[in-house]
Amino acid sequence: MLRLRAFRPTNDKIVKIQLHPTHPWLVTADASDHVSVWNWEHRQVIYELKAGGVDERRLVGAKLEKLAEGETETRGKPTEAIRGGSVKQVSFYDDDVHYWQLWRNRSAAAEAPTAVNNITSAFSSPVPSTKGRHFLVICCENKAIFLDLVTMRGRDVPKQDLDNRSLLCMEFLCRSTATDGPLVAFGGSDGVIRVLSMLTWKLARRYTGGHKGSISCLMTFMASSGEALLVSGGSDGLLVLWNAEYGQDSRELVPKLSLKAHDGGVVGIELSRVIGAAPQLITIGADKTLAIWDTISFKELRRIKPVSKLACHSVASWCHPRAPNLDILTCVKDSHIWAIEHPTYSALTRPLCELSSLVPPQLLATHKKLRVYSMVAHPLQPHLVSAGTNMGVLVCEFDAKSLPPVVPLPATPGSREHAAVYVVERELKLLQFQLSNTANPALGSNGSLNDVGRIRGETPEQLHVKQVKKNVSTPVPHDSYSVLSVSSSGKFLAIVWPDIPYFSVYKVSDWSIVDSGSARLLAWDACRDRFALLESAIPPRMPIIPKGSSSRKAKEAAAAAAQAAAAAASAASSASVQVRILLDDGTSNILMRSVGSRSEPVTGLHGGALLGVAYRTSRRVSPVAATAISTIQSMPLSGFGTSSNSSFSTMEDSSQKSTEVAPSNFQLYSWETFQPVGGLLPQPEWTAWDQTVEYCAFAYQQYIVISTLRPQFRYLGDVAIPYATGGVWHRRQLFVSTPTTIECVFVDAGIAPIDIETKRRKEELRLKEAQSRAITEHGNLALIAVDSQQTASQERIALRPPMLQVVRLASFQYPPSIPPFLTLPKQSRADGTDSSILKDIEERKVNEVAVGGGGVAVAGTRFPPEQKRPVGPLVVAGVRDGVLWLIDRYMTAHAISLSHPGIRCRCLAAYGDAVSAVKWASRLGREHHDDLAQFMLGMGYATEALHLPGISKRLEFDLAMQSNDLKRALQCLLTMSNSRDIGQEALGLNLNDIMSLSSIKENVVDAVQGIVKFAKEFRELIDAADATGQADIAREALKRLAAAGSVKGALQGHEIKGLTLRLANHGELTRLSNLVNNLISVGSGREAAFAAALLGDNVLMEKAWQDTGMLAEAVLHAHAHGRPTLRSLVQSWNKTLQKELEHTPSTKMDAAASFLASLEESKITSLHDAAKKPPIEILPPGMASLYGPNPGQSAQKKPSLALPSSQQQPAKPLLLEGSTTATPQTVSTPSDPAAQPSTESGAPQNSPAAPPESATTVSESGTPSDPSVPLATESSDQGPQSNDTSPQSNDTPVDNQEQPSTPSVSQSTITEASVPPPSISITTAPNAGNNQRTGVRPELSMIDFT
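So, a few notes on the structure that sits alongside this text. Nothing here was measured: the structure is a model prediction, and the numbers come from that model. (Residues numbered from 1 in each chain as written. Predicted model: local features only at pLDDT ≥ 70, side-chain atom pairs only at ≥ 80, totals over all residues. Heavy atoms only, no water.)

1. Structural notes on helix H22 (residues 1085–1095)
- Here H22 has its buried residues at Gly-1085, Arg-1086, Glu-1087, Ala-1088, Ala-1089, Ala-1091 and Ala-1092.
- Along its buried surface, H22 packs onto helix H20 (1053–1065), helix H21 (1069–1082) and helix H23 (1098–1107).
- Following H22 by one or two positions, Gly-1096 has its phi on the positive side, about 70°. (Buried < 20%, exposed > 50% of the residue type's maximum accessible area, 1.4 Å probe, protein only. Helix = DSSP H or I, 4+ residues; strand = E, 2+ residues; numbered from the N terminus. Contact = heavy atoms within 4.5 Å.)

Written out as structure tokens, the structure is:
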């Protein structure tokens, strides 16, 4: 039944052991007096200490501390140098230990029917006494060691301070007055109990006259009368009661009562809480017996000999739902943990666990036999039991997932009283619970101060619960572990006893049995009163082997047991899942004999909107296959395929290695058709379905997967809440309990594109159905119905990602404490009174409570501090009356307050009441409104969140955009960008203005900077306004953006381009023209020309290209539109090209020389030079040569492009100079497309007399268009020509003259007249506008004039 959670091997036997209630700490002392503190969750040793002798490290540390404090050598030897002697007891002490000790005593006392009204399980937590420290207290024979685990400073109290008597045991007393500080009682070897104050470190008082021998054990508890008592057990076998509540007097106190308990000495005392009765004391003695005592009459109730011939050394009171009848654990020196059945029955002792099966086998080989020397149960998590053995420390886990046998009935509307049904022993009982404070709990007291000066906002107000337990007349057939569940309508209750196996279904109205039979598992449908059960034949009972019987009998019994186990296994494998429905008349009918066609045995059933069936699979999945499975599945689980099992995982997990992924063995079936839905999933530990069947949660060991079901199944995400034991939905809130915490998950599916698509399809289907119905009714006439004009509402559906937010509501921890060396002033070694604590509280009160308008006290924290989680496994009953109800193992209802505004607003929003959520937000500090608004936005309440008074402008803008309140979005933008007073007039800031700013201009610059910062938001707003037809808002935003655009260099190129488009779209031409000059001055020629084109201003467009050096585009544009400026443009363009070509240095030059050379004009001195380097002339078709060829000048070697009418004279063919490789080539006619130029540079020969360097002409172009088209450049020839571009060094001038075959030349080269007016296709490359002067590109493609 137990499995190993953690194991730490040791060399010596562990004789003392203690668990910390809230931290995963375990302190042990071994037989050689070594004390160690171990973190069993992370498997790390926190602290080790040699307590029996002198610990050298502590001694050195103490000396260094004294030196640091300036103390000289002390008189006597330091207390750290005193030998401790044998360790008698180890314990933790801090605020958590103090609180839970008090809680245990009070709640046990409150169970009694005679308990005084002032004892309730809810009580105000004690004032923090240890100031954030965690003490490890070690009681040795010669001294007591108090070690602070936070600061690692210790204090030793030698026995000389305590009347020089050996210390044998200790117990912490509940603090009576604030001045005493924490008190520790030590039992001495002389039978006297001495009490030490941990504030003054002096002896506070003595209890004398009770025992004749030494005192061996001490324990405090509370009587049902509310009196705090101290009970001591001595070596003389006496049990003595003392009053633990005494004030300042240090008189010697006498015993209240003394009784003989055991023949030998008393070894240990334990307090046992009994449901519905006064607490009981359990004592174990050296006489091998265990006695149980009533705490009202102090009569002995019964005496048991748990294990014959062996004396018990440890006892623990235990209450676990998986074993309802076992309530005492005890240990003797063998390898078992023994459990004793409930004292009212036969005192049967059975082994709960054989520990040697849990220890790693290699260790067992080295030792002879495992022996248990100490054992302790976890005070708050009853499923954890720790044992100290001769091989090491074991922390065992005992079925952490089983829950108390209780189920809440659905709430009746309008009633403040709620009910739950539970099973105890063989009785069915009804628990009725409600809030008893008269005030409306929903309003709570949020942060108002009460008289002590402590803050209720900091400690949530106490909710007083009134509860009544009633018997139901129907008896229950079994008293073993049971699981209760209730149908969706609340009319039927099912109880399953999986160990028997048997089930019964009761009708809640009269508790009559409707159905019963043999079944191990049962699950309800979430929508109708039907259930699925796993039928199973009743397996034969396993015979119990009596301890110490003869070997022959044992062998027979073992054979019978093996036979029974085999029969049980075969019965389990043949069991099938059956579905039955309960009708209103109370009859049960079988709907389906067997669900699913799979052959594997069924291991789990999960009810809900779909029926989940888990199958046992033995196959192991390889990690590769597993990741493949996880990607195929509709529900991707984040835990897949990752080796997340670090040292934090349980030992069992890590032994399985993370390579083995949970096998997919869980199939969902439809309740209607019983067909499988979706693929196989990994088996969850439990599932929870929302009442509206909109959300579902599947819990796995380390996380919970949350999905939405409407409009279709969609995985939303997973929440890292490990080891969750149960959960319940309340609209969009999932309340989850884990063994240590209560969490709340707020869930919203958001809006995904697939949801909109599904919605649209459903609408279409509905319309089609309506149409087909109409046709069947009225024939084809229905199709010619006159449709009224449809007003297509253009609705912007904003997509939202899914939202999951986890808030921890309750845990065991004291509110997280801050170590004293961080906050508290340095105090003397003998601490004074608690004034510092009170001061601290006062300060916090001032800091945390801010008073809002109208005298409403405002909560200063975002979420409430965590409340105290009730102890042990819990059933979450859900939210009623504005509080979260939980029911614990003792069938007590607990209420968790949800009234802190931070939680309350979220709950209301999740419930769908966003208006109330905004009202409640007035009680939440303004600094937390952004956080709340983000939450409401995630929940889909952007419009309501806009009403929160404390939200920031940035968030307000997002909310306004989400809720289509564009006017408000604009106002936010204007405020954020500080641009309210801008945009009415052109700014006209030029460079000089920016250099010398006057104050008026300064705020303009601020505004421009603001607009630039939020340019993206401005564009979004303009687009949203355009989409919804709110032109005035778009225009206001455009004004601001244009104003910023008119400042040089404020916006980037793409922003200006977007701005020009939007301005043109709105017809804001004046602002656009302002923008153009700015664009030109920034050098964004393309953007400027684009804007000018939108304005239809040719002059401006030319100016844009010309001023930014994009002359090719200017020429093209002028030619296309027949502009008068064409000639001058072509000239300046050709000059630019010439300049770039002339200064292409062939030798290496330094930067300065090349710069000077680039400044020189081209000097053409003689005809001979001109022939070598003729000026470039690239002209549009049909344009006369720039250099105007006169008829007599034909002999000159100036390039001249003549019109076809004036036939050009053939010149004498010149040889190519300096070229051996280039041979004259024939020129092909344009009609021959196969003769494409195949040249190295891929460039066309540009003019009849152009040198090959002209292949490197500039390739700039103007209007932005598709950049994937290659860059076009001007060429005067139409058809493809063969080029002669041999690779040349730049020194060698090359004359590439016309070929002698004149007719073909006139055909191919001079064919401008036959060309129709060119269709100009100007293409551009990104950012070509800025590199026109930076050098000429060799790969020049053609400008196509065809």
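2. Quick look at the state of the cysteines
- One pass over the structure, following the stated rule, counts 0 disulfides.
- You can see Cys-353 has no disulfide; the closest cysteine sulfur is in Cys-396, sitting 5.5 Å from it.
- Under the relative-accessibility criterion, Cys-353 is labelled buried at 6%. (Disulfide = S-S within 2.5 Å.)

3. Describing the packing of helix H12 (residues 929–939) against helix H14 (residues 953–962)
- It is at 11 Å that the axes of H12 and H14 come closest, and there the two elements cross at 20°. Here H12 is positioned roughly parallel relative to H14, judged by the angle of their axes. Viewed along their axes, H12 and H14 form a crossing whose handedness is left-handed. Counting all contacts with H12, which are made through Asp-930, Ala-933, Gln-934 and Leu-937, the residues of H14 involved are Leu-955, Leu-959 and Gln-962. (Axes fitted to C-alpha atoms, helices over the stretch in contact; angles between N-to-C directions. Parallel < 35°, antiparallel > 145°, perpendicular 65-115°, else oblique. Left-handed = near helix turned anticlockwise from the far one by under 90°.)

4. Thoughts on the packing of H21 against H22
- Two numbers describe how H21 lies on H22: the axes approach to 8 Å, and their chain directions differ by 155°. Our classification of the angle between H21 and H22 gives roughly antiparallel. Every pair of crossing elements has a handedness; the one defined by H21 and H22 is left-handed. Of H22, the residues touching H21 (which contributes Leu-1069, Leu-1072, Ser-1073, Val-1076, Leu-1079 and Ile-1080) are Glu-1087, Ala-1088, Ala-1091, Ala-1092, Leu-1094 and Leu-1095.
- Class assignment for the residues of the contact of H21 with H22 results in 10 nonpolar, 1 polar and 1 charged. (Nonpolar A, V, L, I, M, F, W, Y, C, P; charged D, E, K, R; others polar.)

5. Focus: the pattern of salt bridges
- Applying the stated rule across the entire model yields 48 salt bridges.
- The partner of Arg-761 in a salt bridge is Glu-757, and the shortest N-O contact between them spans 3.5 Å. In this pair, Arg-761 and Glu-757 both sit in helix H7 (residues 753–778), 4 residues apart, roughly one turn of the helix.
- Linked by salt bridges that have partners in common, Asp-163, Arg-165, Asp-190, Arg-194 and Arg-206 make up one network. (Salt bridge = Lys/Arg side-chain N within 4 Å of Asp/Glu carboxyl O.)

6. Regarding the nonpolar core
- Counting 105 residues, the largest nonpolar core has Leu-809, Leu-884, Met-936, Leu-959 and Leu-1021 as the members making the most contacts within it.
- Top contributing element to this core by residue count: helix H19 (residues 1031–1045), with 8 residues.
- Those residues in contact with Leu-959 that lie beyond four places of it in its chain are Ala-933, Leu-937, Ala-942, Ala-945, Leu-946 and Ile-951.
- Counting residues in hydrophobic clusters, the runner-up holds 34 residues, among them Leu-49, Val-137, Leu-149 and Met-198. (Core = buried A, V, L, I, M, F, W, Y, C linked by side-chain atoms within 4.5 Å.)

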